[in-house]
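The primary structure of each chain is shown beneath.
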Amino acid sequence: MPELNPMTDLVTFGETMALFAARRTGPLRFARDFDLGLGGAESNVAIGVARLGRTACWAGRVGADDFGDLIRSALAGEGVDVRAVPDLEAPTGLMIKGRRTADHIDVRYYRAGSAGSRIRPEDLDPDLIRGARVLHVTAITPALSDSARATVRHAVEVARSAGVPVSLDVNYRKALWSPAEAGAWLREVIGQVDMLFATEEEARLLLPDTFPTPPHEDAEGAVPEGPVAVAEALAALGPRHVLVKLGSRGAVELSDGVAYRASAYQVTEVDPVGAGDAFAAGWLADWLEGAEPEHRLRTACAAGAFAVTSQGDWESLPRRADLALLDRTTDGVSR
């Protein structure tokens, strides 16, 4: 087998799970048919970046089972450089996705003690990180285990010492840790981050005193002071680029003190899971291309829009040629 080139645009790592998605709407106990796939925030980003023409590497642990084989083969098939460590003592984690109603997705995780949660610093090739143009991490991985938290810390330190920019998506998961725990870890690492992706609500994890939870939030969980104020407060903690995701209201980018805003694309939403990962992938791919802020923000919004248009966490992520489809005003038929 030829040796893989250690130089890549983006390196990321974390837990990717086997995903069972119920085909029937209603309580999961009545589901009889499931689609089998895979999902994981970091691998979603790697796929999105690869589809947009840049090189990406995903590292992690998977079980020595069919689900681990599925993850390795599917990511490799998407052009991602896969550095998966087989774990002989723990299984690949599982994600079960149901649709309780037509408008509500129910996601359940079975990942305690999984192979992915057992990742450790020695599983990562430091030369791979040193040779990357950006390291992308999320706040999901440090919530999985002590060894996973140490792995994130190690990877960030390696990247910083080599002058490699660090990208962080907050991606808060309340099932994994409390807001206080997540906020404490985020405040520890934020000074080492160059690019930060967060929703307005996630900003409160980092800035609980600046943006306390109001007694009556709107449906979007918006911070009353506005997204630009949120971005400015986050940037004051260290990141050079801050991306505030606003859902159906678009997004705000604050880069080098200058704010940019983009509206969301209007699409028919089928499955919202993975939209934030797609947004990060679109922005990072364009940043790697050297695109201007307005352009990369539009690409990020477009990628997020594509992500919600079909079932699955990553299957509808766009390629470059797809992006123009959202700007067309035709009858929607390509001939």
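Rules used throughout
- Residues numbered from 1 in each chain as written.
- Predicted model: local features only at pLDDT ≥ 70, side-chain atom pairs only at ≥ 80, totals over all residues.
- Heavy atoms only, no water.
- Helix = DSSP H or I, 4+ residues; strand = E, 2+ residues; numbered from the N terminus.
- Rg over C-alpha atoms; globule rule 2.2 N^0.38 Å.
- Buried < 20%, exposed > 50% of the residue type's maximum accessible area, 1.4 Å probe, protein only.
- Contact = heavy atoms within 4.5 Å.
- Lys, Arg positive; Asp, Glu negative; His and termini not counted.
- Charge placed at Lys NZ, Arg CZ, Asp CG, Glu CD.
- Pairing = 2+ DSSP bridges.
- Right-handed = clockwise from strand over helix to strand, strands pointing away.
- Axes fitted to C-alpha atoms, helices over the stretch in contact; angles between N-to-C directions.
- Left-handed = near helix turned anticlockwise from the far one by under 90°.
- Nonpolar A, V, L, I, M, F, W, Y, C, P; charged D, E, K, R; others polar.
- Parallel < 35°, antiparallel > 145°, perpendicular 65-115°, else oblique.
- Core = buried A, V, L, I, M, F, W, Y, C linked by side-chain atoms within 4.5 Å.
- Arc of directions from axis to C-beta.
- Salt bridge = Lys/Arg side-chain N within 4 Å of Asp/Glu carboxyl O.

A. Region of interest: the overall build of the protein. Looking only at helices and strands, the protein features nine helices and 13 strands. Scaling as 2.2 N^0.38, a compact globule of 335 residues should have a C-alpha radius of gyration of about 20 Å, and the protein matches this with 19 Å. With respect to the principal axes defined by its C-alpha atoms, the protein has extents near 50 × 50 × 45 Å. The buried share among the 335 residues of the protein stands at 54%. In the protein, the proportion of contacts linking residues at least 24 apart, taken out of those at least 6 apart, comes to 70%. Side chains of the protein give 35 positive and 48 negative charges; the mean places of these two sets differ by 3 Å.

B. Up close: the pairing of strand β9 (residues 166–169). Residues of β9 alternate between two faces, with Val-166 and Leu-168 on one and Ser-167 and Asp-169 on the opposite face, all of them buried. The pairing of strand β8 (residues 132–138) with β9 spans four bridges and is classified as parallel. Along β9, the bridge assignment pairs Leu-135 with Val-166. Crossover handedness for the path β8 to helix α4 (residues 146–161) to β9: right-handed.

C. Summary view of the packing of helix α8 (residues 275–289) against helix α9 (residues 293–307). Where α8 contacts α9, the axes come no closer than 7 Å and their chain directions differ by 150°. Where α8 crosses over α9, the handedness of that crossing is right-handed. Listed contacts from α9 to Ala-275, Ala-278, Phe-279, Gly-282, Trp-283, Asp-286 and Trp-287 of α8 are His-295, Arg-296, Leu-297, Thr-299, Ala-300, Cys-301, Ala-303, Gly-304 and Ala-307. Classifying every residue of the contact of α8 with α9 by side-chain character gives 10 nonpolar, four polar and two charged.

D. The packing of helix α1 (residues 41–51) against α8, seen in detail. For the pair α1 and α8, interaxial distance at closest approach is 8 Å and the crossing angle is 45°. As judged from the angle between their axes, α1 and α8 are oblique. When you trace α1 past α8, the crossing you get is right-handed. Two secondary-structure elements touch here, α1 through Ala-41, Asn-44, Val-45, Gly-48 and Val-49 and α8 through Asp-277, Ala-280, Ala-281, Leu-284, Ala-285 and Leu-288.

E. Spatial organisation of the sheet that holds strand β7 (residues 104–110). Across the sheet, four strands lie side by side as β3-β2-β6-β7; this open sheet has mixed pairing. Strand pairing shows two members of the sheet lacking a second neighbour, β3 (34–39) and β7, which therefore form its edges. Here the strands of the sheet are splayed against their neighbours by 25° on average, with no regard to which way each runs. As judged from the seven bridges shared by strand β6 (residues 94–101) and β7, these two strands associate in the antiparallel manner.

F. Inspection of the nonpolar core at higher detail. Counting 46 residues, the largest nonpolar core has Phe-13, Leu-135, Leu-168, Trp-185, Leu-186, Leu-196 and Leu-234 as the members making the most contacts within it. Per element, the largest residue contribution to this core is six residues, and it comes from α4. Not counting the four nearest positions on each side in its chain, Leu-168 is found in contact with Val-137, Thr-138, Ala-139, Trp-185, Leu-186, Val-189, Val-193, Met-195, Leu-196 and Phe-197. Formed by 44 residues, the second largest nonpolar core is a distinct cluster that contains Val-49, Ala-278, Phe-279 and Leu-288.

G. Focus on the environment of Thr-210. Assignment of secondary structure puts Thr-210 in the loop between α6 (200–206) and α7 (227–235). On the accessibility criterion, Thr-210 (43% relative accessible area) is partly exposed. It is 29 Å that separates the C-alpha atoms of Thr-210 and Val-273, two residues lying 63 residues apart in sequence.

H. Expanded view of the side chain of Lys-97. Looking at the secondary structure, you find Lys-97 in strand β6. Take Lys-97: its relative accessible area is 3%, and that puts it in the buried class. Look past the residues within four positions of Lys-97 in its chain and what remains in contact with it is Leu-19, Phe-20, Ala-21, Ala-22, Leu-28, Ile-105, Asp-106, Val-107, Asp-271, Val-273, Gly-312 and Asp-313.

I. Structural context of unusual backbone geometry. Located in the positive-phi region is Asn-171, a residue other than glycine, with phi close to 45°. Summarising the element assignment, Asn-171 is placed in the loop between β9 and α5 (179–189). Of the residues examined, Asn-171 reaches a relative accessible area of 8% and is grouped as buried. Unusually for a residue other than glycine, Asp-256 sits at a positive phi of about 50°.

J. Expanded view of α5. The set of residues buried in α5 consists of Ala-182, Gly-183, Trp-185, Leu-186 and Val-189. Angular distribution of buried residues about the axis of α5 spans 165°; they occupy a single face of the element. Away from the buried face of α5 by more than 90 degrees, exposed residues Ala-180 and Glu-188 are located. Contact partners of the buried residues in α5: α4, β9 and α6.

K. Up close: the pattern of salt bridges. Considering all chains together, one arrives at 24 salt bridges under this definition. Note that Arg-296 and Glu-253 form a salt bridge whose closest N and O atoms lie 2.8 Å from each other. Within this pair, whereas Arg-296 is found in helix α9, its partner Glu-253 is found in strand β12 (residues 251–255), the two being separated by 43 residues in sequence. Classification of Arg-296 as buried rests on a relative accessible area of 7%. Overall, the relative accessible area of 0% leaves Glu-253 in the buried class. Several salt bridges converge on common partners, so that one network encompasses Arg-61, Asp-87, Glu-89, Arg-118, Arg-120, Glu-122 and Asp-123.

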